[in-house]
Amino acid sequence: MCRNITILRGLEPSATSEEIEAAARQYVRKISGVQSVSDATREPFETAVAEITAISTRLLGELPARRQPPTTVPPLRRPEVQARIAAKQQR
């Protein structure tokens, strides 16, 4: 369903809270069809992101370790994404 969401279980080092929240945000965007949050959609959207982040964090903490790490690198760990984020923060 969400091809843009990468596997977070089994990462070394473990998935960060920012990576888990980014995956939750992507999931909520996909299922809701809300790409840019407005005043009318902000509260339910952010509530859903927070709840899914909490559930995902708990799930990742309770699952057993993976035998092999995931084959894809999460977006927040990719150099080109880190550079884009850094450029935005400098503005």
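This structure is a prediction, so every number in the text was calculated from the model and none was measured. (Residues numbered from 1 in each chain as written. Predicted model: local features only at pLDDT ≥ 70, side-chain atom pairs only at ≥ 80, totals over all residues. Heavy atoms only, no water.)

1. With respect to the side chain of Glu19
Right, on to step 1. Within the secondary structure layout, Glu19 lies in helix 1 (residues 17–32).
Right, on to step 2. Within polar-contact distance, the side chain of Glu19 engages the side chain of Arg77 at 2.6 Å.
Right, on to step 3. Dropping the residues within four chain positions of it, Glu19 is found in contact with Leu8, Leu11, Ser14, Pro74, Leu76 and Arg77. (Helix = DSSP H or I, 4+ residues; strand = E, 2+ residues; numbered from the N terminus. Polar contact = N/O pair within 3.5 Å; in protein donor to acceptor, adjacent residues only side chain to side chain. Contact = heavy atoms within 4.5 Å.)

2. A closer look at the nonpolar core
Note on soluble globular proteins: their nonpolar side chains tend to be buried together.
Right, on to step 1. Among the nonpolar cores identified, the biggest contains 5 residues, and these are Ala24, Val28, Val34, Phe45 and Val49.
Right, on to step 2. Of all the elements in the fold, those that place two or more residues in this core are helix 1 and helix 2 (42–62).
Right, on to step 3. In contact with Val28, not counting residues within four places along its chain, are Gly33, Phe45, Ala48, Val49 and Ile52. (Core = buried A, V, L, I, M, F, W, Y, C linked by side-chain atoms within 4.5 Å. Buried < 20%, exposed > 50% of the residue type's maximum accessible area, 1.4 Å probe, protein only.)

3. Some points on the confidence of the model for the protein chain
Right, on to step 1. Per-residue pLDDT for the protein chain averages 89, and the proportion of residues at 70 or more is 97%.
Right, on to step 2. The spread of mean pLDDT over the elements of the protein chain runs between helix 3 (residues 79–90), the lowest at 86, and helix 2, the highest at 97. (pLDDT = per-residue confidence, 0-100.)

4. Some words on the pattern of salt bridges
Right, on to step 1. Tallying each qualifying case throughout the model produces 5 salt bridges.
Right, on to step 2. The shortest N-O distance in the salt bridge between Arg25 and Glu21 comes to 2.9 Å. One end of the pair is Arg25 and the other is Glu21, both in helix 1 and 4 residues apart, which spans about a single turn.
Right, on to step 3. Residue class for Arg25 comes out buried when judged on its relative accessible area of 18%. (Salt bridge = Lys/Arg side-chain N within 4 Å of Asp/Glu carboxyl O.)

5. Things to note about the environment of Arg67
Right, on to step 1. One can find Arg67 in the loop between helix 2 and helix 3.
Right, on to step 2. Each C-alpha atom of the pair Arg67 and Pro13 lies 15 Å from the other, and the pair is 54 residues apart in sequence.

6. Considerations on the environment of Leu59
Right, on to step 1. Note that Leu59 resides in helix 2.
Right, on to step 2. Sequence separation between Leu59 and Arg9 is 50 residues; the distance between their C-alpha atoms is 9.3 Å.

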